[in-house]
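One letter stands for each residue in the lines below.
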Amino acid sequence: MRTALTVAGSDSVGGAGIQADVKAMAVLGVHAASVITAITAQNTRGVSGILPVSEEFVKSQLEAVLRDCDVKAVKTGMLYSADIAETVVDILEDHEMPLVVDPVMISGTGYDLAQDDLVKTLKRDVIPMCELVTTNRHEAEVLSGMKIQNKDDLMFACEVIGKTGSSVYIKGGHFNTPTVVDYLYLSSEFTKFEYPRLKKSGHGSGCVLSSFITASLAKGIDIMNAVVKSRELIQDSIATQYQIGKGDLVVNPMVKLKGDSDRSAVLGALDSATSRILDIVPDELVPKSGMNIAMAMKDAAGPEEIAAVDKRMSVHNGIIRRNGQIKFGAAENLSYILLTVMKHDPSMRCIMSIAYSPDTMYVMQDIGLNVVVAEMSRDRPTESTEAALSKSKRIPDAIVDKGGRKERIIRLLAKDTKDMLGKLEQLL
Ligand code: PLP
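Residues numbered from 1 in each chain as written. Predicted model: local features only at pLDDT ≥ 70, side-chain atom pairs only at ≥ 80, totals over all residues. Heavy atoms only, no water.

Brief notes about the overall build of the protein chain
Selection criterion: Only runs of H or I of at least four residues qualify as helices and only runs of E of at least two qualify as strands under DSSP, and these elements are numbered from the N terminus. Here's how the labels work: a residue is buried when its accessible area is under 20% of the maximum for its type, exposed when over 50%, partly exposed in between, all with a 1.4 Å probe on protein chains only. Contact between two residues is taken to exist if any of their heavy atoms lie within 4.5 Å; hydrogens are not considered. Only the protein chains shown count as cover for residues, with accessible areas throughout obtained via the Shrake-Rupley method and a probe of 1.4 Å.
When you go through the protein chain residue by residue, the secondary structure sums to 13 helices and 20 strands. Judged by the C-alpha coordinates and their principal axes, the protein chain covers about 85 × 45 × 45 Å. By the burial criterion, 52% of the 428 residues in the protein chain qualify as buried. When contacts within the protein chain are restricted to residue pairs at least 6 apart in sequence, long-range pairs at least 24 apart make up 67% of them. If you sum the accessible surface of the protein chain, you get close to 19600 Å²; carbon and sulfur atoms cover 49% of it.

Description of the side chain of T44
Put simply, the test is: We define a polar contact as two N or O atoms separated by no more than 3.5 Å, with the added condition that, inside protein, one atom must be a possible hydrogen donor and the other a possible acceptor, whereas residues neighbouring each other in sequence contribute only through side-chain atom pairs.
By the element assignment, T44 lies in the loop between β2 (31-42) and β3 (47-52). T44 sits in the buried class, given a relative accessible area of 4%. At 3.5 Å, the side chain of T44 forms a polar contact with the backbone nitrogen of K246. Ignoring anything within four residues of it in the chain, the contact list for T44 reads V13, T109, I244, G245, K246, G247, D248 and V250.

What about helix α3 (residues 82-92)?
Of all 11 residues in α3, 8 are buried; the element is thus mostly enclosed. Residues of α3 that are buried: A82, I84, A85, T87, V88, V89, I91 and L92.

Notes on the state of the cysteines
Linking two cysteines covalently through their sulfur atoms gives a disulfide. Heads up, the condition is: Any cysteine sulfur atom paired with another within 2.5 Å is treated as part of a disulfide.
Summed over all chains, the structure comprises 0 disulfides. With no disulfide of its own, C130 lies closest to C158 among cysteine sulfurs, the gap being 13 Å.

The following block contains the structure:
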């Protein structure tokens, strides 16, 4: 497994610092080694004490890790003092790996996390050897020595901070703009990142963002792509931040794992549903072009977030067989129809193709299913499919191709695989 290293402070409440960094890196599938520079006593309301680790012991931790492991990327967070920062620089200088610097100065709750002498060492020794500095407005002002009031100031500050060759990422959260606008200054060019402004970002957002970026660099991803992906992830981490104490909320670095568990839930549900389908569905319901069932992740945005059987189910010597694995992105046409339906009702996340017959149509009407007849083009929805869905008073249980095609198909719709099996059983 690839290893990244975080050199940072311990946060007793677990929302920021080493504790957040380790989670964020693990979520991206990277092992996190950690060197602790200071131990903080704090909760979600404030910092009540800081115990710096001695330079000798910071050195011992760093040497122990670097002597043994092939560390692919490193980040620094709270370095606390010039002495600790210099110790870290002296050792990292002898190792070739990308360094991300999160120049931690003040906690979100407003307490100093750095001694006054740190800034000079950051500017003189730490930043010149790094690939990327991630800063908020205050840190950028301190590092550039200027007030940042507008976009021109911000760009100039990036040039000042990155004058020794490092890239700079300035987060826009603390600027008074309706959306949050961040900038990446990379190879003398600026890239803008604009995101909806969420509620105040919780404890740990800076740590988690720089750890996502560092873990991505450890995986061999370039700075631009590492930042793009990490910026998306931190937005979700802030959107799902949670309360653990009486003060600030803490960001949720594990948000992607939640996505992964949705993915495995979808795959698991389809796996058991297809076994049951193979048992109960008669041959006549299998379209000549094959039968499939697809299920979308919650709020799926594209076919890659919808799973289905890779090669459709078909009849061989009177037995229905599943010809492939269940995979995401396996059924584009069905997925586009499902995505169109989900625009009208996001809770309808399951779709299944079955053969058309007048008998089946009759049974569907008889058991009270709402069937919409709609025009498709090469099995994809068209504007007239959208129009038919909009006209329907309630979300349909099935969409049926208009006549005149080689093979008409019925696409059953349901909330999930259980709901789908219920509808199928009623049909049989
Ligand atoms: N590192 C430690 C140990 C901290 O306690 C904090 C904040 O309290 C930070 C870093 C910075 O946190 P944030 O990511 O919220 O800027």
